[in-house]
Amino acid sequence: MTEPRPYQHFGSYLNGLFGCRVQKISLDAGLTCPNRDGTKGTGGCIYCDEGGSGTGAYERIPSITQQMLQGKSLLKKRYKAEKFIAYFQSFSNTYAPVDTLKSLYQEALSDIDVVGLSVGTRPDCVNPEILDLLAGFQKTHLVWIEYGLQSFHPRTLRMINRGHTIEDFIRAVDETRKRNLNICVHVILGLPGEGLEECLLTAARLAELDIQGLKIHSLYINRGTLLETWYHQKKYRPLLQDEYVDWICQFLELCPPHWIIQRLTGDPAPEKLIAPAWTLKKQTTLKMIQDRLKRTGSFQGARWKGRLVKGEA
Ligand code: SF4
């Protein structure tokens, strides 16, 4: 029997909802991002590569149905998965006319084994029409919207060239929750100019908001990004594995205990990764996080007090 984890594990949550192994199928709909197409900027976030932090699958297989079929067969073999969540991952998956989005989402959800929809996007890329569309799918499917935020510090958002503000994010959260959609926020630890104190303040600020889940990873450097240049110029040093484990455990302690933790470490493509090499050892990092929490008797929410006490973090 698997030991209970000291945090809300996404796989267990899905198993509890559907009574079987459920896996996400990562999809690339061939969309783009306002931070790359010139609307907000052209260079993108300093760590984003040409694939828009995604799979690049659209280049090989443009059809969503075909991507779904391929994903299903792989995940059935690898994990004995029985049900699936269509996860629109690459670039900004609400950045298209609502009719285009509707047909993309419907195509993915038409598969009988698909029980949910997860849509990754930016907080400045949603509007009431798109949120209403997503909310409509809740009648038949589990729906999550994933907002890339990365940090709660305006200075950091500017430094990493996110091209949106904290206010954009708070507005998006409010509008999304009016429709009862589940929100998962993406956060990165080890961003340039941030130490442990800044990371923990991000946790504390997020903990004040009505969100339901979190994805966290440490910043890694991909080939061809501005971050790679900074790394070679010694302007940026990535976190060590021990540092990351320490920081993320402290981060989790400040998170509300009910948040579903969808990711605790990144998944860099080995052929694109410049550094740090330890980010390729996902299972080792996950074990280190669990061991550290167990050893210290800690857990997700151990230092969460319901609402932030100002100046605590
Ligand atoms: S928002 Fe996402 S897709 Fe757009 S530039 Fe940043 S990381 Fe890349």
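Note that the coordinates shown come from a computational prediction; the quantities given were computed from them, not determined experimentally.

**Describing the site of the ligand**
Phase 1 of the analysis: Near the ligand you find twelve residues, and of these Cys33, Gly44, Cys45, Cys48 and Arg122 are the closest.
Phase 2 of the analysis: Across the shell around the ligand, the residue classes break down as five nonpolar, four polar and three charged.

**A short note on the state of the cysteines**
Phase 1 of the analysis: As enumerated under the stated definition, the model contains zero disulfides in all.
Phase 2 of the analysis: Between Cys125, a free cysteine, and Cys33, which holds the nearest cysteine sulfur, the sulfur-to-sulfur gap is 6.4 Å.
Phase 3 of the analysis: We classify Cys125 as buried; its relative accessible area is 7%.
Phase 4 of the analysis: Between Cys199, a free cysteine, and Cys255, which holds the nearest cysteine sulfur, the sulfur-to-sulfur gap is 12 Å.
Phase 5 of the analysis: By relative accessible area, which is 2% here, Cys199 ends up buried.

**So, helix H5 (residues 128-136)**
Phase 1 of the analysis: Every buried residue belonging to H5 is among Ile130, Leu131, Leu133, Leu134 and Ala135, and all of these are buried.
Phase 2 of the analysis: You can read the cap of H5 off the contacts: a side-chain oxygen lies 3.1 Å from the backbone nitrogen of Glu129, and it is on Asn127.

**A closer look at the packing of helix H10 (residues 241-254) against helix H11 (residues 282-295)**
Phase 1 of the analysis: H11 packs onto H10 with a crossing angle of 50° between their chain directions and a minimal axis gap of 10 Å. Here H11 runs oblique to H10, going by the angle between their axes. Crossing hand, H10 versus H11: right-handed. Across from Gln241, Asp242, Tyr244, Val245, Asp246, Ile248, Cys249, Gln250 and Leu252 in H10, the residues of H11 making contact are Thr284, Thr285, Met288, Ile289, Arg292 and Leu293.
Phase 2 of the analysis: When its residues are assigned to classes, the contact of H10 with H11 shows eight nonpolar, four polar and three charged.

**Section: the sheet that holds strand E4 (residues 142-150)**
Phase 1 of the analysis: Pairing in this open sheet of seven strands is parallel, and the strands run E1-E2-E3-E4-E5-E6-E8 from one edge to the other. Looking at strand neighbours, the two that pair on one side only are strand E1 (22-27) and strand E8 (260-263), the edges of this open sheet. Averaged over all pairs of adjacent strands, the angle between their axes in this sheet comes to 25°, without regard to strand direction.
Phase 2 of the analysis: The pairing of strand E2 (residues 83-88) with strand E3 (residues 114-121) spans five bridges and is classified as parallel. Bridge pairing in E3 links Tyr87 to Ser118.
Phase 3 of the analysis: Its contacts with the sheet place helix H7 (residues 166-178) against E4 and strand E5 (182-189), and it is angled at close to 170° to E4.

Conventions used here
- Throughout, residues of each chain are indexed from 1 in the direction in which the sequence is written.
- Only residues with pLDDT of at least 70 are given local features in this predicted model, and only at 80 or more are side-chain atom pairs given and counted; all residues enter the totals for whole chains, interfaces and linings.
- The side-chain values count all of the structure's non-hydrogen atoms but skip hydrogen atoms and water molecules.
- Throughout, the term near means that a residue has one or more heavy atoms lying within 4 Å of the molecule or strand in question.
- Each residue is assigned to one class: nonpolar for Ala, Val, Leu, Ile, Met, Phe, Trp, Tyr, Cys and Pro, charged for Asp, Glu, Lys and Arg, and polar for all the others, Gly among them.
- Counting rule for disulfides: a pair of cysteine sulfur atoms within 2.5 Å.
- Between buried and exposed lies partly exposed: a residue is buried under 20% and exposed over 50% of the maximum accessible area for its type, with that area taken using a 1.4 Å probe on protein chains only.
- In this description a helix means any DSSP run of H or I spanning at least four residues, a strand means any run of E spanning at least two, and both kinds are numbered starting from the N terminus.
- Polar contacts, as counted here, are pairs of nitrogen or oxygen atoms within 3.5 Å of one another; within protein the pair requires one atom able to donate a hydrogen and one able to accept it, and residues that are adjacent in sequence qualify only if both atoms are side-chain atoms.
- Only C-alpha atoms enter the line fits that serve as axes; for helices the fit covers just the stretch in contact. Angles between N-to-C directions range over 0 to 180 degrees.
- Put simply, angles under 35 degrees are roughly parallel, angles over 145 are roughly antiparallel, angles from 65 to 115 are roughly perpendicular, and the rest are oblique.
- Here a crossing is taken to be left-handed if its near helix is turned anticlockwise relative to the far helix by less than a right angle, and right-handed if that turn runs clockwise.
- In what follows, a contact means two residues having at least one pair of non-hydrogen atoms within 4.5 Å.
- For two strands to be treated as a pair, DSSP must find no fewer than two bridges joining them.

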